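Architecture and fold: a report
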Amino acid sequence: MTRHALHALPLLLALGSLAAGQEIPAHPDELSFEPIVFEPPKAADHRHVLNNGMVVFIAEDKALPLVNISLTLKVGSWLDPPGQEGLASYTGSQMRRGGTKSLSAEELDERLDFLAAQVSSGFGPTSGGASLNCLTDNLEESLALLVEMLREPRFQEDRLELAREQSLQAMKKRNDDSADIEGREWNVLLNGEGHFTNRFTTEASIGAITRDDLLAFHRQYVHPERMIAAVSGSFETADMLRRLEEAFADWPGTPTELPPIPDTIDPVAPGLYRIEKDVNQGRVSIGLPGVKRDHPDVYALELMVDILGGSGFTSRITTTVRSNEGLAYDARAAMSFGVWYPGRFRAMFQSKSPTVAWASELVLEEIRKIRDEGVTPEELATAQSSLIETFPSSFNSKARSMAIFASDEYTGRDPSYWKTYRDRIRAVTADDVQRVARTHLLPEKMILLVVGNQEAIDRGDEKHAVTLEALAPGGKVTVLPLRDPMTMKMP
């Protein structure tokens, strides 16, 4: 059988199966299928609480002789002391890289390799994580190593020094890539210079972090009461719960009270913000602060942004900027819904310097159109079908389902969210989409960030007489210098 015949075999089998139940139509558009019947699993059916207070979501999955354990920890860089930015991040990474009480870093690496076990740890801005993936036959020792890493990390001095040196080398490259500059400064513009997500590590801050600081941070914040586990794999549930009870029992100390994660942002004033970088393509972000995920408009907003710029080649921004005009390889829009503080709307693209202003005008025009003209019934139906029909993929494995439940437990999501999601998407009307576009996509409040060769961008394209200054919301134009990569201060 030829390669082409092999590739066609699934289609032939599908058509053969279809023919058994109905006549083969003249065109694929006429195919009809039974609706997908899917009910998401319920978190309550998998939730357990250990004697030490740790919440565990657990599901058996015996397809492979593997066990997955993923831990979410209530810890993050919002807890970094002033002058020690990076302490949480170093503590999280060095728990794994720096060995344990009984094993040096090198011995731990060697033992995990021998067991074919993968163990990781790390702390981000608003949460920490640790994970284990191992063979069921090696679970006992692998779990013991995971718990020892969590409970009694060595924080080996030479590994800490290596991490410090790697950080310094990475800092020197902070201004090398225009994409890094854009992402960093976009977050500053939207959240504010003083927001904890913009408290950058510096040469001074990582130099002020010692092994004793890591030990103290770990002792203060890492405790089973602050852990949520997602567990799946080849095991018996009762046996796994027993193992976890024993592994995390008798943990010394009690966790100190956590300060809350800051729930506010301080965005800059609307306007055009320009950063000079000598590259042949300009990077553009256009957007404004949004809402948290419990806002009643989130379902209509999700559909609105999908139609505007989130649904690949069928979205308006991609069609206009990429397909019709050929101005960018990737032009799209996205909207995040914040958990702890407001999310944001962002349209983005990268274009040759002379066409940056023109492409920016086209994106702003698409934003205006969806506000003023709304969406068609066909666009809305396509977006709704896409979100509804791909919904089951969110739960396509036991590991992924348990991870969702652990995340929801940590962030306090409404337990009814997954059960009602599709009905809420179906209930959105075209009027709802236009209403939320008019309410939340306010042109006069937009922030426009452009990173690139500003002189080449200003020369523009001779066929399209548009300038960035003419597009600046409120007529405000601000030139931002590049930060010193080691101190993160602006000149």
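Refer to the structure above for everything that follows.
Described in the following lines is the structure provided in the data block. (Residues numbered from 1 in each chain as written. Predicted model: local features only at pLDDT ≥ 70, side-chain atom pairs only at ≥ 80, totals over all residues. Heavy atoms only, no water.)

1. Quick look at the pattern of salt bridges
For clarity, the threshold we go by: The working definition used for a salt bridge is a side-chain nitrogen of Lys or Arg within 4 Å of a carboxyl oxygen of Asp or Glu. Here a strand is any run of E in DSSP of at least two residues, a helix any run of H or I of at least four, and the numbering for each starts at the N terminus.
The full count for this structure, using the stated rule, is 28 salt bridges. Across the pair Asp372 and Arg368 runs a salt bridge whose closest N-O atoms are separated by 2.9 Å. Here the residue Asp372 and the residue Arg368 both occupy positions in helix α12 (residues 356-372), the gap between them amounting to 4 residues, near one helical turn. As a salt-bridge pair, Arg368 and Glu373 come within 4.0 Å of each other at their nearest N and O atoms. Three or more residues are tied together by salt bridges with common partners; here these are Arg184, Glu185, Glu193 and Arg483.

2. Structural notes on the sheet that holds strand β4 (residues 118-123)
Definition in use: Two strands qualify as a pair provided that DSSP identifies no fewer than 2 bridges between them. Only the contacting stretch of a helix is used when fitting its axis, a line to C-alpha atoms as for every element, and angles between N-to-C directions run 0 to 180 degrees.
Read from one edge to the other, the open sheet built from 6 strands follows the order β1-β2-β6-β3-β5-β4, with strand pairing classed as mixed. The open sheet has two edge strands with one neighbour each: β1 (47-49) and β4. Taken over all neighbouring pairs, the strand axes of this sheet differ in orientation by 15° on average, direction set aside. Pairing geometry for β4 and strand β5 (residues 128-135), over 6 bridges, is antiparallel. Residue Phe123 lies in a different strand from β5, and its bridge partner there is Gly128.

3. As for the pairing of strand β6 (residues 227-233)
The condition is simple: Partly exposed residues are those whose accessible area sits between 20% and 50% of the maximum for their type, while under 20% is buried and over 50% is exposed, using a 1.4 Å probe and protein chains only.
Burial analysis of β6 places 7 of its 7 residues in the buried class, the great majority of the element. As paired elements, strand β2 (residues 55-60) and β6 share 6 bridges and run parallel to each other. Across the sheet, Ala59 pairs through a bridge with Ser232, a residue of β6. Bridging between strand β3 (residues 66-73) and β6 involves 7 bridges; their strand directions are antiparallel. Of the residues in β6, the one forming a bridge with Asn68 is Ser232.

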